[in-house]
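Breakdown of the fold
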Amino acid sequence: MRINVSKRARRQVQRIDAWWREHRDKAPNLFKEELSEAELFLSNTPHFARVYVKRGTRSIRWLLLPKTSVKLYFCVDEKAATVNVVSAWGGQRGREPKL
């Protein structure tokens, strides 16, 4: 499946990556590496991720990036064969994202 990243999620990824590079001097590339692994997982097996919420016929799923505690929230569009990432959210934020 092809992966599409929303503008909001793209901005969130950029912010998380910048923070990680500035504050994690021993592993500045860890977030990007983990994100690449997640993209491979999502392009092949997105339905193995947990359902976060159902809205009508659409399910929003999430995938935890365990080393960085970032969650990717996404929807699967079977007809278009795409995974649509709608949010990248840091686990330390203490609240869930607006989706």
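See the structure above.
First, a word on what this report is: a plain description of the structure on this page.

Criteria and cut-off values
Residues numbered from 1 in each chain as written. Predicted model: local features only at pLDDT ≥ 70, side-chain atom pairs only at ≥ 80, totals over all residues. Heavy atoms only, no water. Helix = DSSP H or I, 4+ residues; strand = E, 2+ residues; numbered from the N terminus. Expected span 1.5 Å × (residues − 1). Contact = heavy atoms within 4.5 Å. Buried < 20%, exposed > 50% of the residue type's maximum accessible area, 1.4 Å probe, protein only. Axes fitted to C-alpha atoms, helices over the stretch in contact; angles between N-to-C directions. Parallel < 35°, antiparallel > 145°, perpendicular 65-115°, else oblique. Nonpolar A, V, L, I, M, F, W, Y, C, P; charged D, E, K, R; others polar.

**Describing helix α1 (residues 7–23)**
Taking 1.5 Å of rise per residue, 17 residues should cover 24 Å, and α1 covers 24 Å from first to last C-alpha, within 8% of that figure. Next to the buried residues of α1 lie β1 (2–5), α2 (30–44), β4 (70–77) and β5 (82–90).

**Quick word on unusual backbone geometry**
Backbone geometry at S69 places phi at a positive 60°, although glycine is not the residue there. Examined against the element boundaries, S69 turns out to sit in the loop between β3 (58–65) and β4. Located in the positive-phi region is A81, a residue other than glycine, with phi close to 55°. With respect to the element layout, A81 can be found in the loop between β4 and β5. Accessibility expressed as a relative area gives 34% for A81, which makes it partly exposed.

**Examining the packing of α1 against α2**
Interhelical geometry of α1 versus α2 gives an angle of 140° and a closest axis separation of 8 Å. On the basis of their axis angle, the class for α1 and α2 is oblique. The residues of α2 that touch α1, namely those facing V13, I16, D17, W20 and R21, are L30, F31, K32 and L35. Of the residues contributing to the contact of α1 with α2, the split by class is 6 nonpolar, no polar and 3 charged.

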